[in-house]
Amino acid sequence: MAIYHCSIRIIGRSKGRSAVAYAAYCSGTKLYDKEVRKTYNYTGQNSVVHSEINLPQNAPSEFYDREKLWNAVHEIETRSDAQLAREVEVALPREFIRQEQIDTVREYVMNNFVHKGMCADWGIHDKGDGNPYAHILLTLRGFKPNGEWASKSKTIYVLDENGEKIPVIDPETGEQKLRIRNGKGAEKLWQQKTISTSDWNDRSKVEEWRAAWARECNKRLDQQHQIDHRSYDRQEVDKASTIHEGHVARKMEREGLVSDRCEINREIRELNEQ
């Protein structure tokens, strides 16, 4: 039976994460991280059955080379606490044959991310345990028409209800503050704010992307196996939701051990059937 799983998280340097390392894992390849001078080798990972890179308009064609792509991300994100990439992990319906898996992920990636300006590097993992899934790694910056990285944010003037700029007031004088610039004289200061150049980090996008994954899968699933991104409570269905098992728990089960998380899900499914 098809299950729904779609998790989204940020890969950031502040937690010691490397976008190059994640790309190597997602694609089952060997990549060199110039920033830390380290090679990540996942070529022995037999679970990766397909991987590819999709680029948006204006992205340099050299970024089809994932080592160049993710090292370029590290170079442009200079802050020690910089966000490097976004990872989307989705469970693939076990009813799909391999080509349906590939087509579903590709269309989801193109429609929701690449056509919006992101680079996408993704791979399908299948360990033969009946739980195929895909890792999708996304860039957080768009591109200028000349192929250079675009800024994540920009500074704009704060406007009043009449659309006029709001002055910065000196609390001591009650007058508008001035800044003296060499060779340019006095310059009036106006209130400014920094805004994102895209809506990619809006909280509403998570809900949108999760719903889009369900719709993409449902195009290829019959009515009996349709999936829904909403919780049972939101669907007003009298069932308990299963928990995310993860690859460690499933590996334990394959080796003949009992995972607490898998055991909990077995109990939940049995109660739901009852």
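Notes on the structure follow. (Residues numbered from 1 in each chain as written. Predicted model: local features only at pLDDT ≥ 70, side-chain atom pairs only at ≥ 80, totals over all residues. Heavy atoms only, no water.)

**Things to note about helix 2 (residues 66-76)**
- Listed as buried for helix 2 are Arg66, Leu69, Trp70, Asn71, Ala72, Val73 and His74.
- Contacts made by the buried residues of helix 2 are with helix 1 (19-27), strand 2 (30-33), strand 4 (48-54), strand 5 (83-91), strand 6 (120-125) and strand 7 (133-138).
- You can read the cap of helix 2 off the contacts: a side-chain oxygen lies 3.0 Å from the backbone nitrogen of Glu67, and it is on Asp65. (Buried < 20%, exposed > 50% of the residue type's maximum accessible area, 1.4 Å probe, protein only. Helix = DSSP H or I, 4+ residues; strand = E, 2+ residues; numbered from the N terminus. Contact = heavy atoms within 4.5 Å. Polar contact = N/O pair within 3.5 Å; in protein donor to acceptor, adjacent residues only side chain to side chain.)

**Focus: helix 1**
- Of all nine residues that make up helix 1, eight are buried, and the element is covered over most of its length.
- The complete set of buried residues in helix 1 reads Ala19, Val20, Ala21, Tyr22, Ala23, Ala24, Cys26 and Ser27.
- Sitting at the head of helix 1, Ser18 places a side-chain oxygen 3.2 Å from the backbone nitrogen of Val20.
- Two residues or fewer after helix 1 comes Gly28, characterised by a positive phi angle close to 65°.

**Observations regarding the sheet that holds strand 4**
- Across the sheet, five strands lie side by side as 1-5-7-6-4; this open sheet has antiparallel pairing. On the outer flanks of this sheet lie strand 1 (6-12) and strand 4, each paired with one strand and no other. Strand after strand, the sheet turns through a mean of 15° between neighbouring axes, direction not considered.
- Pairing geometry for strand 1 and strand 5, over seven bridges, is antiparallel. In the strand pairing of strand 5, Arg9 is matched with Glu87.
- Strands in contact with helix 1 are strand 1, strand 4, strand 5, strand 6 and strand 7; relative to strand 7, the strand with the most contacts, it is inclined by about 150°. (Pairing = 2+ DSSP bridges. Axes fitted to C-alpha atoms, helices over the stretch in contact; angles between N-to-C directions.)

**Section: the environment of Ala2**
- Relative to the helices and strands, Ala2 resides in the segment before strand 1.
- In sequence terms Ala2 and Leu92 are 90 residues apart; their C-alpha atoms lie 7.8 Å from each other.
- With residues up to four places along the chain from it excluded, the contact list for Ala2 reads Pro93, Glu95, Leu221, His225 and Ile227.

**Observations regarding the pattern of salt bridges**
- Tallied over the full model, the rule gives 17 salt bridges.
- Between Arg13 and Glu35 there is a salt bridge, with the nearest N and O atoms lying 2.8 Å from each other. With Arg13 in the loop between strand 1 and helix 1 and Glu35 in the loop between strand 2 and strand 3 (38-41), this pair connects stretches of sequence that are 22 residues apart.
- By relative accessible area, Glu35 is classed as partly exposed at 41%.
- Taking the shortest distance from any N to any O, the salt bridge between Asp103 and Arg106 comes out at 3.7 Å. Within this pair, Asp103 and its partner Arg106 are both found in helix 3 (residues 98-112), separated by three residues, close to a single helical turn. (Salt bridge = Lys/Arg side-chain N within 4 Å of Asp/Glu carboxyl O.)

**Things to note about empty space enclosed by the protein**
- Applying the stated criterion to the full structure yields one cavity of 30 Å³ or more.
- Lining the largest cavity are Val73, Ile76, Glu77, Leu84, Thr139, Leu140, Arg141 and Trp149.
- Within the lining of the largest cavity, the residues separate by chemical class into five nonpolar, one polar and two charged. (1 Å grid on protein atoms, 1.4 Å probe; cavity = no way out; pocket = protein on both sides within 12 Å on 5 of 7 lines; lining within 4 Å. Points joined across faces, edges and corners; volume = space filled by probe spheres on them. Nonpolar A, V, L, I, M, F, W, Y, C, P; charged D, E, K, R; others polar.)

**Some thoughts on the layout of surface pockets**
- Space inside the second largest pocket adds up to approximately 410 Å³.
- Residue lining of the second largest pocket: 24 residues in total, with Leu140, Arg141, Ser151, Lys152 and Ser153 positioned closest to the centre.
- Residues of the lining of the second largest pocket, tallied by class, amount to seven nonpolar, 11 polar and six charged.

**Quick look at the nonpolar core**
- Membership of the largest hydrophobic core comes to 28 residues, with the highest contact counts inside it found for Val88, Val105, Tyr108, Trp122, Ile136 and Trp213.
- Elements with a minimum of two residues in this core: strand 5, helix 3, strand 6, strand 7 and helix 4 (203-218).
- With five residues, the top contributor of residues to this core is helix 4.
- Contacts of Val105, omitting those with residues within four sequence positions, involve Leu92, Trp122, Ile124, Ala134, Ile136 and Trp213.
- Grouped together as the second largest cluster of nonpolar side chains are 23 residues, Ala24, Leu84, Ala85 and Phe143 included. (Core = buried A, V, L, I, M, F, W, Y, C linked by side-chain atoms within 4.5 Å.)

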